[in-house]
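Observations on chain architecture
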Amino acid sequence: MGSQRPFVQVSRSLPTDTPTRDQVIQYRDVGTKLTVRPTINQDGYVSLLIQQEINQATSEVQFDAPVISTREAVTRVLVKNGQTIVIGGLRDQQKDATQGGVPILSGLPLIGGLFGHAERKSTRTELYLFLTPRILKTDADADSITVPRLQRSGQQ
């Protein structure tokens, strides 16, 4: 799940009779990306190579583009068929501070607070994954997993 954030890749002023500004916009993917590569062993265990990646646009800006924060974790686990595992650890904490107000007046000592405002925001997130691999050997196994889920969502 995710979205794309636009930022200006190239910006230039064109020397014409009426000055115009030409910009090339590039989109960067942000959001959560999960890659799971399963391998089934002869013993009925499932080996999972799990890669989690979170890209997030921060409030920091450099070169007229938002700075993209990236967090990534890669792990390999061995799980019994039908057993649920929990993976956590991708934590993030962001602190933002903004100030605004009437120019000049908000910067005056003692009375500046009457003409301006300050906002501080702190955000903490942690991502947990709950994974339950199931080995489907026959079409009947696949139907036993998918049909009840389709009925609950009203698609059948």
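Residues numbered from 1 in each chain as written. Predicted model: local features only at pLDDT ≥ 70, side-chain atom pairs only at ≥ 80, totals over all residues. Heavy atoms only, no water.

Focus: the overall build of the chain
For the chain, the count of helices and strands is 1 helix and 6 strands. Start at the N end of the chain and walk to the C end: the helices and strands fall as β-β-β-β-β-β-α. Put simply, the chain has 156 residues, and 17% of those count as buried. For the chain, contacts bridging at least 24 residues in sequence account for 49% of all contacts bridging at least 6. Counting only carbon and sulfur atoms, one obtains 51% of the accessible surface of the chain, whose full area is about 12,200 Å². (Helix = DSSP H or I, 4+ residues; strand = E, 2+ residues; numbered from the N terminus. Buried < 20%, exposed > 50% of the residue type's maximum accessible area, 1.4 Å probe, protein only. Contact = heavy atoms within 4.5 Å. Areas by Shrake-Rupley, 256 points an atom, 1.4 Å probe, with all protein chains shown as cover.)

Quick word on the environment of His-117
Checked against the element boundaries, His-117 lands in strand E6 (residues 116-131). Considering only alpha carbons, one finds His-117 and Ser-106, 11 residues apart in sequence, at a separation of 8.3 Å. For His-117, the contacting residues outside a window of four places in its chain are Thr-98, Gln-99, Gly-100 and Gly-101.

Description of the nonpolar core
Of all hydrophobic cores here, the largest spans 9 residues; its members are Val-46, Leu-48, Ile-50, Val-79, Ile-85, Ile-87, Leu-129, Leu-131 and Ile-135. Breaking this core down by element, the ones donating at least two residues are strand E3 (45-62), strand E5 (85-101) and E6. The dominant element in this core, judged by the number of residues it contributes, is E3, at 3 residues. (Core = buried A, V, L, I, M, F, W, Y, C linked by side-chain atoms within 4.5 Å.)

Re the side chain of Glu-53
Relative to the elements of secondary structure, Glu-53 occurs in strand E3. It turns out Glu-53 is buried and unbridged, and the closest side chain with the opposite charge, Lys-33, is 5.1 Å from it. Sequence-distant contacts of Glu-53, that is, excluding residues within four places in its chain, are made with Gly-31, Thr-32, Lys-33, Thr-70, Arg-71 and Glu-72. (Lys, Arg positive; Asp, Glu negative; His and termini not counted. Salt bridge = Lys/Arg side-chain N within 4 Å of Asp/Glu carboxyl O.)

Brief notes about helix H1 (residues 139-153)
Relative to the 21 Å expected for 15 residues at 1.5 Å per residue, H1 spans 21 Å between its end C-alpha atoms, a close match to the ideal helical length. Phi turns positive one or two residues past the end of H1, at Gly-154, with a value near 75 degrees. (Expected span 1.5 Å × (residues − 1).)

Digging into a nonpolar patch on the surface
A contiguous nonpolar patch, built from Val-102, Leu-105, Leu-108, Leu-110, Ile-111, Leu-114 and Phe-115 and spanning about 690 Å² of accessible area, is present on the exposed surface. As for its position among the elements, Leu-110 is in the loop between E5 and E6. (Patch = residues over 30% accessible without salt bridge, like charges linked within 9 Å, V, L, I, M, F, W, Y side chains within 5 Å.)

A short note on the confidence of the model for the chain
Averaged over every residue, the pLDDT of the chain is 79; the share at 70 or more is 84%. When mean pLDDT is compared element by element in the chain, strand E4 (residues 65-80) scores highest at 84, while strand E1 (residues 2-14) scores lowest at 64. (pLDDT = per-residue confidence, 0-100.)

Here we look at unusual backbone geometry
Leave glycine aside and you will find that most residues have negative phi; peptide bonds, for their part, are mostly trans. Here the phi dihedral of Leu-110 falls at roughly 70 degrees; this positive angle occurs in a residue that is not glycine. Looking at Leu-110, the relative accessible area reads 90%, which means it is exposed.

Details of the environment of Gly-31
Relative to the helices and strands, Gly-31 resides in strand E2 (residues 20-40). Gly-31 sits 24 residues away from Asn-55 along the chain, and the two C-alpha atoms are 5.1 Å apart.

Let's talk about the side chain of Ser-47
Note that Ser-47 resides in strand E3. If we skip the residues at most four places from it in the chain, Ser-47 touches Arg-37, Pro-38, Thr-39, Arg-76, Val-77 and Leu-78.

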